[in-house]
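Coordinate inspection notes
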Amino acid sequence: YSFSAGGPAAHPLVEALQLTAICPHSPRLSPMVLPLGTRVEVEVESPDRRPARVSVDGQDRGRVRRLGVSLSSRRVTLCFLHEHDFTATLVRKILHA
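None of these values were measured; they are calculated from a predicted model. Throughout, a residue's number is its position along its own chain's written sequence, starting from 1. Only residues with pLDDT of at least 70 get local features here, since the model is predicted, and only at 80 or more are side-chain atom pairs given and counted; chain-wide, interface and lining totals rely on the full set of residues. Excluding hydrogens and water, the side-chain figures rest on all heavy atoms present in the structure.

Let's talk about the overall build of the protein
Counting its regular elements, the protein contains 1 helix and 6 strands. Strands are runs of DSSP state E lasting at least 2 residues, helices are runs of H or I lasting at least 4, and numbering of each runs from the N terminus. The N-to-C order of helical and strand elements in the protein reads β-β-β-β-β-β-α. For 97 residues, the compact-globule formula gives about 13 Å, and the C-alpha radius of gyration of the protein, at 16 Å, lies well above that figure. Along the first, second and third principal axes, the C-alpha atoms of the protein reach 50 × 35 × 25 Å. The buried share of the protein, reckoned over its 97 residues, is 12%. A fraction of 36% describes how many contacts in the protein between residues 6 or more apart in sequence connect residues 24 or more apart. We compute the radius of gyration from the C-alpha atoms alone; for a globule the expected value is 2.2 Å times N to the 0.38, where N is the number of residues. Note on classification: 1.4 Å probe, protein chains only; a residue is buried when its accessible area is under 20% of the maximum for its type, exposed when over 50%, partly exposed between these limits. Any two residues whose heavy atoms approach within 4.5 Å are treated as being in contact.

With respect to the environment of I94
Along the chain, the position of I94 falls in helix α1 (residues 86-95). Considering only alpha carbons, one finds I94 and A9, 85 residues apart in sequence, at a separation of 9.9 Å.

Remarks on the pairing of strand β5 (residues 59-64)
Where strand β4 (residues 52-56) lies against β5, 5 bridges are found, and the strand directions are antiparallel. If you follow V56 over to β5, its bridge partner there is Q59. The antiparallel hairpin formed by β4 and β5 contains 2 residues in its connecting segment, where D57 sits at a positive phi of about 50°. Each pair of strands is called paired provided DSSP finds at least two bridges between the two strands.

Brief notes about the pattern of salt bridges
Between side chains of opposite charge, pairing is possible as soon as their charged atoms come close. What makes a salt bridge here is a side-chain nitrogen of Lys or Arg within 4 Å of a carboxyl oxygen of Asp or Glu, nothing more. According to the stated counting rule, one finds 4 salt bridges in the structure shown. Close ionic contact of R65 with D48 constitutes a salt bridge, the shortest N to O distance being 3.3 Å. Residue R65 is located in the loop between β5 and β6 (66-69), and its partner D48 is located in the loop between β3 (40-43) and β4; the two are separated by 17 residues in the primary sequence. Comparing R65 with D48, the two get one shared label, exposed.

In short, the description is geometric, and any link to function would need to be established separately.
Following this line, the structure appears as structure tokens:
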């Protein structure tokens, strides 16, 4: 998902916190790959003038003024077909985009 939103491509076995803004107002808000233990705090500077919304895995969480992002204790398991090759699929998508 991060790659599709303009973030870095990461193999599913890489354990990292990826932070990718969707349609950021500032082009300086680059995607980030951070160590798992990192906690990121985001605060909206002018929430009344420039309201911000949060979407997590496609689910709207509504307007926010401050947000903390860190590793969850809940594990996510990705499923692939037996013959699926993540790296080959990624290279194909990059070269034929």
